[in-house]
Amino acid sequence: MTASGTFGYGEEFNEYIDLSKLGGIVTKSVTLNPRPGHKPPRTCETTGGMLNAIGLANVGIDRFIEEKIPFLKTLDTNVIVNVAGFSLDEYVQVVRRLNDCDGIAMLEINISCPNVGAGGLEFSGSESSAHKLTKAVKETSRFPIIIKLSPNVTDIAAIASACEDAGADALSVINTLVGMAIDHYSFKPRLTNITGGLSGPAIKPVALACVMKVSKRVNIPIIGIGGIMDHFDVAEFFIAGSTGVQFGTANFINPNATIETIDGLRKYLLDVNISSITDLIGRLEI
Amino acid sequence: MRIMLQHPRVEIISNENLGNGLFKTSFRSVDIAKSLKPGNFVHIRVSSGMDPLFRRAMSVHWKENDTFSILFRVLGKGTRALSALREGEFVDVVGPLGNTFDTPNPDEKMIMVAGGTGLPPLHYFSRWLIEEQRFNRQNISFLFGVSSQADVRLVDDVEAIGLPLRISSDDGSVGHKGFVTDLLKQEIEKSDVATTRVCSCGPENMLREIIRICAEDEIRCQVSLEGNMPCGIGTCLGCVVQSSESDQEFKRICKEGPIFNGSEVKL
């Protein structure tokens, strides 16, 4: 799958790759109201990674349904709509609107955007708030629900467990890590938002540890995310306990990364003499 | 139509050190060269490793047959890696990307205003107008601002086109001492504003002033912008510029640009 915010609504990448080869695409977050996003600079390269503070820029649920869903429906892949909000009621309202749409396979609920003031992280910060939100969304949605978790918490496994108890069908692990970059000549932060979400290969070890911890606590599927660049990274996430993966930052560096990985994985599985990738899940030997 | 990305590796045919941190690199790629238009950029993966991680967006300086060139100054690790590439090496290049300049009518006057390494899109556009559109070179005034004599090699390619050229430098070591916008004001005074267009690329402060001057004199003006560009194809929403219509509206430099009408954007 491709990770939210790195693949638009599939339109741009449709010119470059055969989307039907993907397990699914996750759309850019959609919120109840349109959001222009933060003032630039919104992104900044760091060693082995990038910081972004886009600010959940999106067209809002009305235009999303009107303009994006018709195109998404034409795609021969699973469309997972990522939903964000600033209050529990906003999440519920967006999900209710999506219930009337065709062509959606699942919803991914972003309770972990590090770049917006209200909402965002607030919902993934405690077991009780994560539980409450998951329950409300699950009760509203006619689609399976994936909750996207934040690594910016003390105990991600406890939050994961609360989401599972509240009815989550799957978990995406992890969203970006809060970070910042400073211009040492001007003394200013490199992002207008001051801090941003760190992604890319630099966060892969953090993501792997989170996947392993979460997989020990929950029985629902885990979608591993965080710095995955190629088929070896995918294999590591499966070994740590993922049953699926998302590619994010890699799409920017190599728009064909997902497709190349599919071929690479076939060869890797032959090398390690494993017939199906599902046989890799949780195979970590300690 | 899908652009094939399975083997987007292109060969470097030369990498010329122009001095003072300036480099001109030429690539061979039939597919990229045949679709290039003035103002387009290419997205180059400068390292096969993870640092620098991102591609670098480079405006195209010129294209000829199946080759194209870029011109840049070494400023950070991305441009340093680019400068180290040698003839015969292959790099991963996506492109051409972005939009192009509006083509003027044959009887219009063009004023090109370049600042330093903002030269490439204007060099490409000027030469394209003359060589491919049979535009009268006397109808193009090229104004070029550099910091000092040390950057004078940048001017070589513009001189070679043989069009009216005026230079300014910050320290007065070459041409007019002062800003290139001083030259623009003088040029506008000599021009019929109704049939004049200004095209510009360079530092943001310079572009802001050019947009202001052109708005004041009601001259059509297009600027080529740059920004931090992780994806280059419009998906990450990272490289935006504020719209002049609303503080709440942004335009993607890589997708709606990099060429914008001066009236569209607020720098």
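Residues numbered from 1 in each chain as written. Chains lettered and ligands numbered in written order. Predicted model: local features only at pLDDT ≥ 70, side-chain atom pairs only at ≥ 80, totals over all residues.

Examining the overall build of chain A
Scanning chain A from N- to C-terminus turns up nine helices and 13 strands. For chain A, whose C-alpha radius of gyration is 18 Å, the value lies close to the compact-globule estimate of 19 Å for 286 residues. Overall, the C-alpha framework of chain A stretches about 50 × 50 × 40 Å when taken along its three principal axes. Here chain A, with 286 residues, has 54% of them falling under the buried criterion. (Helix = DSSP H or I, 4+ residues; strand = E, 2+ residues; numbered from the N terminus. Rg over C-alpha atoms; globule rule 2.2 N^0.38 Å. Buried ≥ 20, exposed ≤ 12 C-beta atoms within 10 Å, placed from the backbone.)

Some thoughts on the pairing of strand S1 (residues 9–19) of chain B
Residues and elements named next belong to chain B. Pairing analysis gives three bridges linking S1 to strand S6 (residues 90–97), with the strands arranged antiparallel. Considered in S6, the bridge of arginine 9 is made with aspartate 92. Two elements, S1 and strand S2 (residues 22–28), share seven bridges in a ladder whose sense is antiparallel. Considered in S2, the bridge of isoleucine 12 is made with phenylalanine 27. (Pairing = 2+ DSSP bridges.)

Some details on the environment of phenylalanine 238 of chain A
Residue and element names in this part refer to chain A. Looking at the element boundaries, phenylalanine 238 is found in helix H7 (residues 231–240). On the basis of neighbour count, phenylalanine 238 is assigned to the buried category, with 25 C-beta atoms found within 10 Å. Sequence-wise, phenylalanine 238 and glycine 282 are 44 residues apart; in three dimensions their C-alpha atoms are separated by 6.3 Å. Among residues more than four places away in sequence, those in contact with phenylalanine 238 are Ile277, Leu280 and Ile281. (Contact = placed C-beta atoms within 7 Å.)

Quick word on the domain arrangement of chain B
Residue and element names in this part refer to chain B. When cut into domains, chain B gives domain 1 (9–97), domain 2 (109–224) and domain 3 (227–267). With eight residues of domain 1 in contact, the opposing surface of domain 3 contributes seven residues. Contributing elements (two or more residues each) for the side of domain 1 that touches domain 3: strand S3 (41–45) and S6. Across the side of domain 1 that touches domain 3, the residue classes break down as five nonpolar, two polar and one charged. (Domains from an automatic or database assignment. Nonpolar A, V, L, I, M, F, W, Y, C, P; charged D, E, K, R; others polar.)

A word on the interface of chain A and chain B
Across the contact, 29 residues belong to chain A and 28 residues belong to chain B. Of all the secondary-structure elements, those providing two or more residues to the side of chain A that touches chain B are helix H1 (11–14), strand S2 (43–46), strand S3 (49–52) and helix H8 (250–253) of chain A. Along the lines of polarity and charge, the residues of the side of chain A that touches chain B split into 14 nonpolar, 10 polar and five charged.

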